[in-house]
Amino acid sequence: MVGPYRGLFDGAGVKGFVLAGFVGRMPMSMLGIGIVLLVSALTESYATAGAVAATTNVSFAVAAPLSGRLVDRFGQSRVIVPFTLVNGLALAALMLCAGLGLPEWTLYASGLLIGATSLSLGSMVRARWSTIHGGSAKLHTAFAFESVADEVIFVTGPALVTVLATSVNPFAGLIVALVCMVTGSLALAAQRRTQPPVQEVRSAGGTPILIPGVALLAAVYLALGSVFGSVDLITVAFAEEHGVKGASGFLLASFAGGSMVSGLWFGSRTWRISLRGRFVRALCVFLVGLLPIAFIGDARVMAVALFVAGLAISPTLITGFSLTERLVPPSLLTEGMAWISTSIGFGVAVGAWAGGRLTEAFGASNAYVFALCAAFVAVVVGLGGSGLLRLPEAPSPAKS
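Residues numbered from 1 in each chain as written. Predicted model: local features only at pLDDT ≥ 70, side-chain atom pairs only at ≥ 80, totals over all residues. Heavy atoms only, no water.

Caption draft 1: Fine view of the overall build of the protein chain. Helix and strand counts for the protein chain stand at 15 helices and zero strands. For 400 residues, the compact-globule estimate of 2.2 N^0.38 gives 21 Å, and the protein chain sits close to it at 20 Å. The dimensions of the protein chain, computed from C-alpha atoms along their principal axes, are 55 × 45 × 40 Å. Expressed as a percentage of its 400 residues, the buried residues of the protein chain come to 59%. Looking at the protein chain alone, contacts between residues at least 24 apart form 85% of all its contacts between residues at least 6 apart. (Helix = DSSP H or I, 4+ residues; strand = E, 2+ residues; numbered from the N terminus. Rg over C-alpha atoms; globule rule 2.2 N^0.38 Å. Buried < 20%, exposed > 50% of the residue type's maximum accessible area, 1.4 Å probe, protein only. Contact = heavy atoms within 4.5 Å.)

Below, the structure is given as structure tokens:
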């Protein structure tokens, strides 16, 4: 399993951007649950907590393609630095407003600015890999590694922020997220050797979302994001209902842990099945694996069920980013990757909002039905539009 990953990091500057990107995007797994834990602790309302988290994610979803376009136009380093500084100030403002008990609208305003200035570092790192290994089998392995790295972040991040917020201080988790974001982002900006070259002349066609295949992927990931967002919030409430709120981060880590294990395995294989075939199969497996969570009433059993449900996440993300890399022109690569991230982010916002409302109205276990419905929508859209994902013959780990 480890063999294909050997030699992946031998190039000049590769280790630097990989490490910086890893640290810089740690907050993507910490912000949502950190905001939920902080706001719910201070307002005693999961609906408010979910709404603030949703505001942050909607803002990110709207802004990410725009920041991606700026990156393609001006280069990563010139965009990362100002965005990082403003994002850090916005996150500090959210914690200050919450701590001082300022009017509720200040939480939404701070969350709006946090989302608008959050950069899709994962897209930038994948764009660097595409520049280095574009058109070779190593790109599949590189994307698989990044998916595994994402899942390591989602394994450790929620557990870390939950322990800090429940055992140390409600603000502690978000403070650590702030430090990681600033440190990693600025370190990535300093890695100029490996950043993709600025495209002076952009391809015709406007924006990647107008490409039918990318639009289909965006719709699928919108639904999948709703699964992720609702599961995050509902699982926190589920743990509290069963008297183990401190274990909510570990339950979410189980979800990401399944994805991490499958991602490592998935990236180590050479596939004969096309990218399109792998994508739709992974969607179907995800839905089937998710079904049991609505019928479980024990936290220990839920941890196992979430691990199993997470096994299909990495294969779905790996193939989705690989398809995007093949579907968009090089001059729109970062923006194209950002559209996938923005779709997930918008879906997470919808899921967090819906999860909070349904949890308060019907209880956590019943609210999981929303996640199942969202996964079903993802499968229907993915299968129904899979013809748009057919790719022309090109060098690739597998023909599509």
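Caption draft 2: Here's a closer look at the packing of aromatic side chains. Using the criterion set out here, one finds five aromatic pairs in the structure. By the ring-pair criterion, three or more aromatic residues cluster together here, those being Phe 228, Phe 255 and Phe 286. Between the NZ or CZ atom of Arg 73 and the centre of the ring of Phe 74, over which it lies, the distance is 5.2 Å. Here the basic side chain of Arg 126 rests over the ring of Phe 321, its NZ or CZ set 4.1 Å away from the ring centre. (Phe/Tyr/Trp six-rings, centres within 6.5 Å; stacked < 30°, edge-to-face > 60°. Lys NZ or Arg CZ within 6 Å of the ring centre and 35° of its normal.)

Caption draft 3: Expanded view of a nonpolar patch on the surface. On the surface, a nonpolar cluster with roughly 350 Å² of combined accessible area is contributed by Val 58, Val 62, Leu 222, Phe 346 and Val 350. Of all the elements in the fold, those that place two or more residues in the nonpolar patch are helix H3 (46–74) and helix H14 (333–362). Looking at where Val 58 falls in the secondary structure, it is placed in helix H3. (Patch = residues over 30% accessible without salt bridge, like charges linked within 9 Å, V, L, I, M, F, W, Y side chains within 5 Å. Areas by Shrake-Rupley, 256 points an atom, 1.4 Å probe, with all protein chains shown as cover. Salt bridge = Lys/Arg side-chain N within 4 Å of Asp/Glu carboxyl O.)

Caption draft 4: Structural context of the side chain of Ser 40. Following the sequence through the fold, Ser 40 ends up in helix H2 (residues 27–43). We classify Ser 40 as buried; its relative accessible area is 8%. At 3.3 Å, the side chain of Ser 40 and the backbone oxygen of Leu 37 are in polar contact. (Polar contact = N/O pair within 3.5 Å; in protein donor to acceptor, adjacent residues only side chain to side chain.)

Caption draft 5: Representation of the pattern of salt bridges in the model. Applying the stated criterion across every chain, the model contains five salt bridges. Among the salt bridges present, the one from Glu 146 reaches Arg 25, with a minimum N-O distance of 2.5 Å. A residue pair is termed long-range when its members are at least 10 positions apart, and Glu 146 in helix H7 (residues 137–168) and Arg 25 in the loop between helix H1 (14–24) and H2 qualify at 121 residues. Note on Arg 25: relative accessible area 4%, which makes it buried. Of the charged contacts, one joins Asp 298 and Arg 300 as a salt bridge, the two residues approaching to 3.5 Å between their closest N and O atoms. By relative accessible area, which is 26% here, Asp 298 ends up partly exposed. Connected through salt bridges with shared partners, the residues Arg 25, Arg 126, Glu 146 and Asp 150 form a single ionic network.

Caption draft 6: Geometry of H2. Between the first and last C-alpha of H2 there are 23 Å, a value that for 17 residues agrees with the 24 Å anticipated at 1.5 Å per step. A large share of H2 lies buried, amounting to twelve of its 17 residues. Listing the buried residues of H2 in full gives Pro 27, Ser 29, Met 30, Leu 31, Ile 33, Gly 34, Ile 35, Val 36, Leu 37, Leu 38, Val 39 and Ser 40. Two residues or fewer after H2 comes Glu 44, characterised by a positive phi angle close to 60°. (Expected span 1.5 Å × (residues − 1).)

Caption draft 7: Molecular detail of the nonpolar core. Within the largest apolar cluster, 111 residues are counted, with the highest numbers of intra-cluster contacts made by Trp 129, Val 227, Phe 228, Phe 255, Phe 279, Phe 286 and Leu 290. No other element matches helix H9 (residues 212–241), which puts 16 residues into this core. Setting aside chain neighbours within four positions, we find Phe 228 in contact with Phe 255, Phe 286, Ile 313, Ile 344 and Val 348. (Core = buried A, V, L, I, M, F, W, Y, C linked by side-chain atoms within 4.5 Å.)

Caption draft 8: Spotlight on the environment of Met 26. Relative to the helices and strands, Met 26 is located in the loop between H1 and H2. By relative accessible area, Met 26 is classed as buried at 9%. Sequence-distant contacts of Met 26, that is, excluding residues within four places in its chain, are made with Ile 153, Thr 156, Gly 157 and Cys 180.

Caption draft 9: Spatial organisation of the packing of helix H10 (residues 248–267) against helix H13 (residues 313–327). Look at H10 against H13: their axes get within 7 Å of each other, and the N-to-C directions meet at 55°. When the axes of H10 and H13 are compared, the pair comes out oblique. For the pair formed by H10 and H13, the contact residues are Phe 255, Ser 259, Met 260, Ser 262, Gly 263 and Phe 266 on the first element and Ile 313, Ser 314, Pro 315, Ile 318 and Thr 319 on the second. In terms of residue class, the contact of H10 with H13 is built from six nonpolar, five polar and no charged. (Axes fitted to C-alpha atoms, helices over the stretch in contact; angles between N-to-C directions. Parallel < 35°, antiparallel > 145°, perpendicular 65-115°, else oblique. Nonpolar A, V, L, I, M, F, W, Y, C, P; charged D, E, K, R; others polar.)

Caption draft 10: Up close: the environment of Ser 59. Mapped onto the elements of the fold, Ser 59 is located in helix H3. Given the relative accessible area of 8%, Ser 59 is considered buried. Each C-alpha atom, one on Ser 59 and one on Ala 349, is 9.1 Å from the other, the two residues being 290 residues apart in sequence. Sequence-distant contacts of Ser 59, defined by excluding residues within four places in its chain, comprise Gly 111, Leu 112, Gly 115 and Ala 116. Within the local environment of Ser 59, its side chain forms a polar contact with the backbone nitrogen of Ala 116, the two atoms lying 2.8 Å apart.

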